[in-house]
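Single-letter residue listing:
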Amino acid sequence: MAKKEETASLVDTFSEFKELKNIDRTTMVSVLEESFRSVIAKMFGTDENYDVIVNPDKGDFEIWRNREVVADNELTNPNMQIALSEARRIDASYEVGEEVTDEVIFEKFGRRAILNLRQTLASKILELEKDSLYNKYIDKVGTVVSAEVYQIWKKEILLLDDEGNELLLPKTEQIPSDFYRKGETVRAVVARVDNRNNNPKIILSRTSPVFLQRLFEQEVPEINDGLITIKKIARIPGERAKIAVESYDERIDPVGACVGVKGSRIHGIVRELRNENIDVINYTSNIQLFIQRSLSPAKISSILLHEDEKKAEVYLKPEEVSLAIGKGGLNIKLASMLTEYTIDVYRETGGDTTDDEDIYLDEFKDEIDEWVINAIKSIGLDTAKAVLNAPREMLIEQADLEENTVDDVIRVLKAEFEK
């Protein structure tokens, strides 16, 4: 009964190994042979006089041992040598010095040898699976994958791909309004593959600009075909994004192609990104024009560039200032991210707006509470003139300040310029 169990155990070992994905035949044969040799070497001190023949298709194997024929009284190593009398029981024609090759039944090595083989194989299989997983996903970095939610934790979600491989979507890589239940399908871009101590971890992202880019490539054939190029992307995930596109074919309107008829192409992307507002603009290497377009829908009156500092002073009519800054300062923040310029917004006052020196808000910390200054700066207003030129209502609503607080700030700032 024990022998049958041991034989079944070996058959199970082969069937498990045969079911492995992404492992080629040559590797499979090599690992199996190596595992057998490892066990034999542990038992007898060497495996050099053994031939191991593996047939993974049938799930069987053969082990042949080669031994030198020695005189009966000279036998010192039964693993490497065979006594003449024993050899002649196999074939009467054997003589001293010849080599005898006989088949070894692995099961006869006993339960411990079979257990040892299974453990060795399990260890090697695990290594192969890890290598296979790493190699598969290192080539997929930057591509969109779909996976099923398996487990939800506080800091990350565990997903399974269609082959049962584990993928991770950290909370920091999720759109703030993302909400998933077990069994739901998630689309995300492969952000990176960590491989510490040969233990690969596949990290996905839904907040990466690359995810937005890949979604556009899937939805807009002209991008996929190379007729339209995505030049730059700026994202505040789940809130708003700006994407600059360009076409070298004058017959193609890149913005129109990306948006689609009545927004048909962009609608699916917006839905996938939890209603993230997406502005598509025409790219240009003319930085003044690019800043102007990036602040859309606001209409700019004039721009003063400081290219060495990568700063831009933008002047607008009073009614355009709040549009340029946007709700919660998102529009100006994204425009700065897209153009890589620090943008300061000023209300046009008629006459030369650059005559008087401006003062940074941080200079007023003695008279204005720091949290108030930070609240105003968070909506893109960094200087005294920028605040004075901004509508009072905008400071109240977008900076989330009390009316009397705003009035106090305006009074302090005005007094500085009246000195």
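Our subject is the structure that appears above.
Keep in mind the model is a prediction, meaning the values are calculated, not measured.

Colleague: Outline the overall build of the chain, listing residues and values.
Modeller: Of the regular secondary structure elements, the chain holds 15 helices and 15 strands. Scaling as 2.2 N^0.38, a compact globule of 419 residues should have a C-alpha radius of gyration of about 22 Å, whereas the chain reaches 36 Å, well beyond that. If one aligns the C-alpha atoms of the chain with their principal axes, the spans along those axes are about 120 × 55 × 45 Å. Considering only intrachain contacts with a sequence separation of at least 6, the fraction spanning at least 24 residues in the chain is 60%. Surface exposure of the chain reaches about 23100 Å², of which carbon and sulfur atoms provide 45%. On the chain, the mean spot of the 56 positive side-chain charges and the mean spot of the 81 negative ones are 4 Å from each other.

Colleague: Can you lay out unusual backbone geometry for me, pointing to particular residues and giving the numbers?
Modeller: Residue Pro-297 is bonded to the preceding Ser-296 through a cis peptide linkage, with omega at 15 degrees. Within the secondary structure, Pro-297 is located in the loop between helix H9 (287–294) and strand E13 (302–306). Despite not being glycine, Arg-274 shows a phi value in the positive range, around 60 degrees. By secondary structure assignment, the location of Arg-274 is in the loop between helix H8 (264–272) and strand E12 (277–282). Residue Arg-274 is classed as partly exposed on the basis of its relative accessible area, which comes to 30%. Phi at Asp-400 takes a positive value of approximately 55 degrees, unusual for a residue other than glycine. The residue Asp-400 is located in the loop between helix H14 (392–398) and helix H15 (403–418) in this model. Judged by its relative accessible area of 65%, Asp-400 is exposed.

Colleague: So, the side chain of Ser-294: which residues are in play, and what are the values?
Modeller: Relative to the assigned elements, Ser-294 resides in helix H9. Side-chain polar atoms of Ser-294 contact the backbone oxygen of Ile-291, separated by 2.8 Å. With near-sequence residues (within four places) excluded, Ser-294 lies in contact with Lys-242, Ile-281, Asn-331, Ala-335, Leu-338 and Thr-339.

Colleague: Give a detailed account of the pairing of strand E14 (residues 311–316), specifying residues and quantitative values.
Modeller: Most of E14 sits out of view: six of its six residues are buried. Of the two faces of E14, the one holding Lys-311, Glu-313 and Tyr-315 and the one holding Ala-312, Val-314 and Leu-316 are both buried throughout. Two strands pair when backbone bridges link them, and E13 and E14 are joined in this way by five bridges, in the antiparallel orientation. Bridge pairing in E14 links Leu-304 to Glu-313. Hairpin connection between E13 and E14: a loop of four residues separates the two successive antiparallel strands, and Lys-310 in this loop has a positive phi of roughly 55 degrees. Of the strand pairs in this sheet, E14 and strand E15 (residues 342–347) are connected by six bridges, and their pairing is parallel. Paired with Tyr-315 across the bridge in E15 is Tyr-346.

Colleague: If you had to explain the pattern of salt bridges to someone new, which residues and values would you point to?
Modeller: This structure, assessed with the given rule, holds 26 salt bridges. The closest approach of N and O atoms between Arg-411 and Asp-408, which form a salt bridge, is 3.8 Å. Highlighted residues: Arg-411 and Asp-408, both in helix H15, separated by three residues, approximately one helical turn. A relative accessible area of 52% places Arg-411 in the exposed class. Here the salt bridges share partners, and the residues they tie into one network are Asp-178, Arg-187, Arg-206, Glu-272 and Arg-274.

Colleague: Pulling in residues and values, what's your account of the packing of helix H5 (residues 209–219) against H8?
Modeller: For the pair H5 and H8, interaxial distance at closest approach is 10 Å and the crossing angle is 145 degrees. By crossing handedness, the relation of H5 to H8 is classed as right-handed. Residues Phe-211, Leu-212, Leu-215, Phe-216 and Glu-219 of H5 form the contact with H8, whose own contacting residues are Arg-265, Ile-266, Ile-269 and Glu-272. Of the residues that constitute the contact of H5 with H8, the class distribution is six nonpolar, no polar and three charged.

Colleague: Break down the packing of aromatic side chains for me, citing the residues and quoting the values.
Modeller: Evaluation of the coordinates by the stated rule reveals four aromatic pairs. Here the aromatic rings of Tyr-315 and Tyr-346 are separated by 5.2 Å at their centres, their planes lie at 25 degrees, and the arrangement is stacked. Of this pair, Tyr-315 sits in strand E14 while Tyr-346 sits in strand E15; the two residues are 31 residues apart in sequence, bridging distant segments of the chain. Of the two residues examined, Tyr-315 and Tyr-346, each falls in the buried class. It is Arg-274 that lies over the ring of Tyr-180; its NZ or CZ is 5.2 Å from the centre.

Colleague: How would you sum up the environment of Val-387? Please name residues and give values.
Modeller: Secondary-structure assignment places Val-387 in helix H13 (residues 384–389). Judged by its relative accessible area of 0%, Val-387 is buried. When the C-alpha atoms of Val-387 and Arg-214 are compared, they prove to be 39 Å apart, with 173 residues separating the residues in sequence. Residues in contact with Val-387, not counting those within four places in the same chain, are Leu-361, Ile-376, Leu-381, Leu-395, Val-409 and Leu-413.

Colleague: Help me get a handle on the nonpolar core, residues and values and all.
Modeller: If you look at the biggest cluster of nonpolar residues, it comprises 51 residues, and the most contacted ones within it are Ile-291, Leu-295, Ile-376 and Leu-381. Of all hydrophobic cores here, the second largest spans 23 residues; its members include Val-189, Phe-216, Ile-266 and Ile-269.

Colleague: Describe the sheet that holds E12, listing the residues and the values that go with them.
Modeller: Read from one edge to the other, the open sheet built from three strands follows the order E10-E11-E12, with strand pairing classed as mixed. Unpaired on one side and paired on the other, strand E10 (228–236) and E12 mark the two borders of the sheet. With direction set aside, neighbouring strand axes in the sheet form an average angle of 20 degrees. In this sheet, strand E11 (residues 240–247) lies alongside E10 in antiparallel orientation, the contact comprising eight bridges. The residue of E11 that forms the bridge with Ile-228 is Ser-247. Its contacts with the sheet put H9 on E10, E11 and E12, and the angle it makes with E12 is roughly 155 degrees.

Rules of the game
Residues numbered from 1 in each chain as written. Predicted model: local features only at pLDDT ≥ 70, side-chain atom pairs only at ≥ 80, totals over all residues. Heavy atoms only, no water. Helix = DSSP H or I, 4+ residues; strand = E, 2+ residues; numbered from the N terminus. Rg over C-alpha atoms; globule rule 2.2 N^0.38 Å. Contact = heavy atoms within 4.5 Å. Areas by Shrake-Rupley, 256 points an atom, 1.4 Å probe, with all protein chains shown as cover. Lys, Arg positive; Asp, Glu negative; His and termini not counted. Charge placed at Lys NZ, Arg CZ, Asp CG, Glu CD. Buried < 20%, exposed > 50% of the residue type's maximum accessible area, 1.4 Å probe, protein only. Polar contact = N/O pair within 3.5 Å; in protein donor to acceptor, adjacent residues only side chain to side chain. Pairing = 2+ DSSP bridges. Salt bridge = Lys/Arg side-chain N within 4 Å of Asp/Glu carboxyl O. Axes fitted to C-alpha atoms, helices over the stretch in contact; angles between N-to-C directions. Left-handed = near helix turned anticlockwise from the far one by under 90°. Nonpolar A, V, L, I, M, F, W, Y, C, P; charged D, E, K, R; others polar. Phe/Tyr/Trp six-rings, centres within 6.5 Å; stacked < 30°, edge-to-face > 60°. Lys NZ or Arg CZ within 6 Å of the ring centre and 35° of its normal. Core = buried A, V, L, I, M, F, W, Y, C linked by side-chain atoms within 4.5 Å.

Everything listed is a geometric property; what it means functionally is a separate question.
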